[in-house]
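# Descriptive analysis of the structure
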Amino acid sequence: MKPVALITGAAGLIGGYLVRTAPRWVPDWETRGVTRQEADLTDRGDVQRLWDRHRPDLVIHSAALSRTGLCEQDPAQARRINVEATRVLADLARDVPFIFLSTDQVFDGAKGQYVETDAVHPLNVYAQTKAEAEQVVLDNPAHAVVRIALTAGTSPTGDRSFVEDMRRAAGKGQQLTLFTDEFRCPLPAGALVRALWECAVQRRSGLYHLGGRERLSRWEIGQVLSQLYPEFRSCLQPGSVAAYHGPRRPPDLSMRSDKIQALLSFRLPGLRQWLTEFPPDCIDPWDYPASVTP
Ligand SMILES: NC(=O)c1ccc[n+]([C@@H]2O[C@H](COP(=O)([O-])OP(=O)(O)OC[C@H]3O[C@@H](n4cnc5c(N)ncnc54)[C@H](OP(=O)(O)O)[C@@H]3O)[C@@H](O)[C@H]2O)c1
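Since this is a predicted model, take the numbers as computed values, not measurements. Each residue is numbered by its place in its chain's sequence as written, counting from 1. Residue-level local features of this predicted model are given only where pLDDT is at least 70; pairs of side-chain atoms are given and counted only at 80 or more, and the full residue set underlies all totals for whole chains, interfaces and linings. By convention in this description, side-chain values take in all heavy atoms of the structure and omit both hydrogens and water.

### Notes on helix 2 (residues 44-54)
Within helix 2, the full set of buried residues consists of Asp46, Val47, Leu50, Trp51 and His54. Buried residues of helix 2 fall within an arc of 135° about the axis and therefore sit on the same side. The secondary structure elements touched by the buried residues of helix 2 are strand 1 (4-8), strand 2 (30-34), strand 3 (58-61) and helix 4 (75-92). Of the residues flanking the start of helix 2, the one acting as N-cap is Asp43, its side-chain oxygen 2.9 Å from the backbone nitrogen of Gly45. Looking at the residues trailing helix 2, positive phi occurs at Arg55, about 40°. Burial classes follow relative accessibility: with a 1.4 Å probe on protein chains only, a residue under 20% of its type's maximum area counts as buried, one over 50% as exposed, and anything between as partly exposed. A helix here means a DSSP run of H or I that spans at least four residues, while a strand means a run of E at least two residues long, and both kinds are numbered starting from the N terminus. Directions drawn from the helix axis to the C-beta atoms are what define this arc. Whether two residues are in contact is decided by their heavy atoms: any pair within 4.5 Å suffices. Any N or O atom pair separated by 3.5 Å or less is treated as a polar contact, with the protein-specific requirement of one donor-capable and one acceptor-capable atom, and with residues adjacent in sequence counted only for side-chain atom pairs.

### Structural notes on the site of the ligand
Here a residue is near a molecule or strand as soon as one of its heavy atoms is found within 4 Å of it. The environment of the ligand is formed by 25 residues, the closest being Ile14, Arg36, Ser66, Tyr126 and Lys130. Between an oxygen atom of the ligand and a side-chain N or O atom of Arg160, the distance comes to 2.9 Å. Methods summary: accessible areas were calculated by the Shrake-Rupley approach with a probe of 1.4 Å, and residue burial reflects only the protein chains presented. In isolation the ligand exposes 890 Å². Once the protein is present, 89% of that is buried. Put simply, the parts of the chain that give the shell around the ligand at least two residues each are helix 1 (13-25), strand 4 (98-103) and helix 5 (125-138). Top contributing element to the shell around the ligand by residue count: strand 4, with three residues. Any residue that is not Ala, Val, Leu, Ile, Met, Phe, Trp, Tyr, Cys, Pro, Asp, Glu, Lys or Arg is counted as polar, Gly included; the first ten are nonpolar and the last four charged. Across the shell around the ligand, the residue classes tally to 13 nonpolar, eight polar and four charged.

If you want it as structure tokens, here you go:
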């Protein structure tokens, strides 16, 4: 019998990729993707029944209220799913490897090039709940937290990734102002989940950063994406966060991923390099083409 990997948030962006790519990266595992239809993770009874049904040998916990705006609107719900559901699942998974997906947003962006030993300082409700959940998970020395960067990909519902948000806005003819002074280390979803699967089979524990090799401004990200989506060219305009009047935004959330890189069989790509290396002639430009084998 194959060991069972349970993936929460399977209808989401990253959970979707984890489930779709499992036969390629972990053919010796049986992967079971959990959606909200199967279990509301904020309902303890549902989670217990889920556990009893699957008895997994590994959990990758990808479900979350991941939209920062929705977390601000309903902090109590954000806490229920991002912290309390994580606590219940991590407790049930106390004797098996458990990987919790956190975010670069746990930092305030004042420093950039963050490493795992840097102190967190979340600026919004989403980031606060993720930082709190990190502590819950890391209480178990056998469990892992992976802080992931902005992820480029195609979600099952078509409305989850920042690329999909931009394409939708461009399709409506909206102008998009992209800051030249706000930085991230974006990563294609295909490379991200390949790294997660490699960590999972190695049963890694502790805290890791997982982002792309290149530190790019929002504006540079837009320029890179314009190669793939020519419709962006007419609707992107550069701007400065200094002129933005709204909730405080972290200016530089770039992360160093050296710790996880040392465990991987492949080199983490940058966004620009990815599109040069894998020209988008495949079905999903954010996953590896079929020619790339384990
Ligand atoms: N995507 C990124 O750029 C990024 C960057 C940093 C960190 N992360 C983290 O990575 C993880 C995955 O992100 P993602 O982009 O894949 O998020 P996503 O597309 O929003 O997917 C999250 C999934 O969680 C499910 N979910 C939410 N509440 C639930 C509940 N009560 N019961 C069961 N399922 C529930 C959602 O179900 P519904 O579809 O029914 O709402 C959704 O399918 C999250 O923890 C996120 O914080 C993502």
